[in-house]
Amino acid sequence: MTHDLFSSLDSFAFASSSSLMVCDGAGQYRPAVADEVLQAAQRVLASQVRGANLLDSPAVVKDFLRTRLGTLPHEIFAALHLDAQNRVLDYVEMFRGTVSQTSVYPREVVKDALMRGSSALVLVHNHPSGVADPSRADEALTQALKSALSLIDVRVLDHLIVAGPTVLSFAERGLI
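Residues numbered from 1 in each chain as written. Predicted model: local features only at pLDDT ≥ 70, side-chain atom pairs only at ≥ 80, totals over all residues. Heavy atoms only, no water.

K.L.:
How should the packing of aromatic side chains be read in this particular structure?
P.N.:
When we look at a pair of aromatic rings, we describe it by the centre distance and by the angle of the planes. Counting across every chain of the model gives three aromatic pairs. Arranged with centres 5.0 Å apart and planes meeting at 90°, the rings of Phe64 and Tyr91 form a pair that is edge-to-face. Of the two residues, Phe64 sits in helix H3 (residues 58–69) while Tyr91 sits in strand S4 (residues 88–96), which places them 27 residues apart along the sequence. Between the aromatic rings of Phe77 and Phe95, the centroid separation amounts to 6.1 Å while the plane-to-plane angle is 45°, which identifies the pairing as tilted. Of the two residues, Phe77 sits in strand S3 (residues 76–82) while Phe95 sits in strand S4, which places them 18 residues apart along the sequence. By the burial criterion, Phe77 is buried, and Phe95 matches it. One aromatic cluster in this structure is built from Phe77, Phe95 and Tyr105. (Phe/Tyr/Trp six-rings, centres within 6.5 Å; stacked < 30°, edge-to-face > 60°. Helix = DSSP H or I, 4+ residues; strand = E, 2+ residues; numbered from the N terminus. Buried < 20%, exposed > 50% of the residue type's maximum accessible area, 1.4 Å probe, protein only.)

Here it is in structure tokens:
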């Protein structure tokens, strides 16, 4: 009996070291599929991002964004809402587009910032092409949003472009 117990635990230890396990509704463990692993990683990173001071943890924010947007086949425009101390209030995916563009409506971004009581925003979108370089349209949108948000005393701290594993910062490039 003891031998069976140990061989059972040994096989479980081997299985768990080579793949992640999840518990299904019936209490049985099975290997996790890729989507479950990514969703779990996103939940962990989101919990680390919410309430974090953006200026103290840019690596965590970039990891969260890479995981959330880096592999999507379509564009997403999102906003990181920050309080007066630059702590993350929320991450909101506002607009979904196609493989190469998305429509962003400044009025909706302003409404969302007011509704959430944001003091500042970090704008975020992805480039499914894998090329992080900002387009002229990206730069024009950033300036339009910056102007619209300044009317309600909401600062735009940065605009990040996620392209696969790369996260480009407008602020680091001197574009904001």
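Next comes the rest of the description.
K.L.:
Is there a simple way to explain unusual backbone geometry in this structure?
P.N.:
When glycine is set aside, most residues are seen to have a negative phi, and most peptide bonds are trans. With a phi close to 60°, Asn86 is a non-glycine residue in the positive phi region. Looking at the secondary structure, you find Asn86 in the loop between S3 and S4. Since its relative accessible area comes to 10%, Asn86 is described here as buried. Its identity is not glycine, yet Asp153 carries a phi of approximately 60°, on the positive side. By the element assignment, Asp153 lies in the loop between helix H5 (136–150) and strand S6 (155–163). Take Asp153: its relative accessible area is 67%, and that puts it in the exposed class.

K.L.:
Looking at this structure, how should I read the pattern of salt bridges?
P.N.:
When the charged atoms of two side chains lie near each other, side chains of opposite charge can form a pair. For the structure on display, the rule yields eight salt bridges. Note that Arg68 is salt-bridged to Glu93, the shortest N-O span being 3.0 Å. Pair noted here: Arg68 is in helix H3 and Glu93 is in strand S4, with a separation of 25 residues, a long-range link. A salt bridge links Arg116 to Asp112; its shortest N-O distance comes to 3.0 Å. Of this pair, Arg116 and Asp112 both sit in helix H4 (residues 106–116), separated by four residues, roughly a single helical turn. Overlapping salt bridges bring together Asp90, Asp112 and Arg116 as one network. (Salt bridge = Lys/Arg side-chain N within 4 Å of Asp/Glu carboxyl O.)

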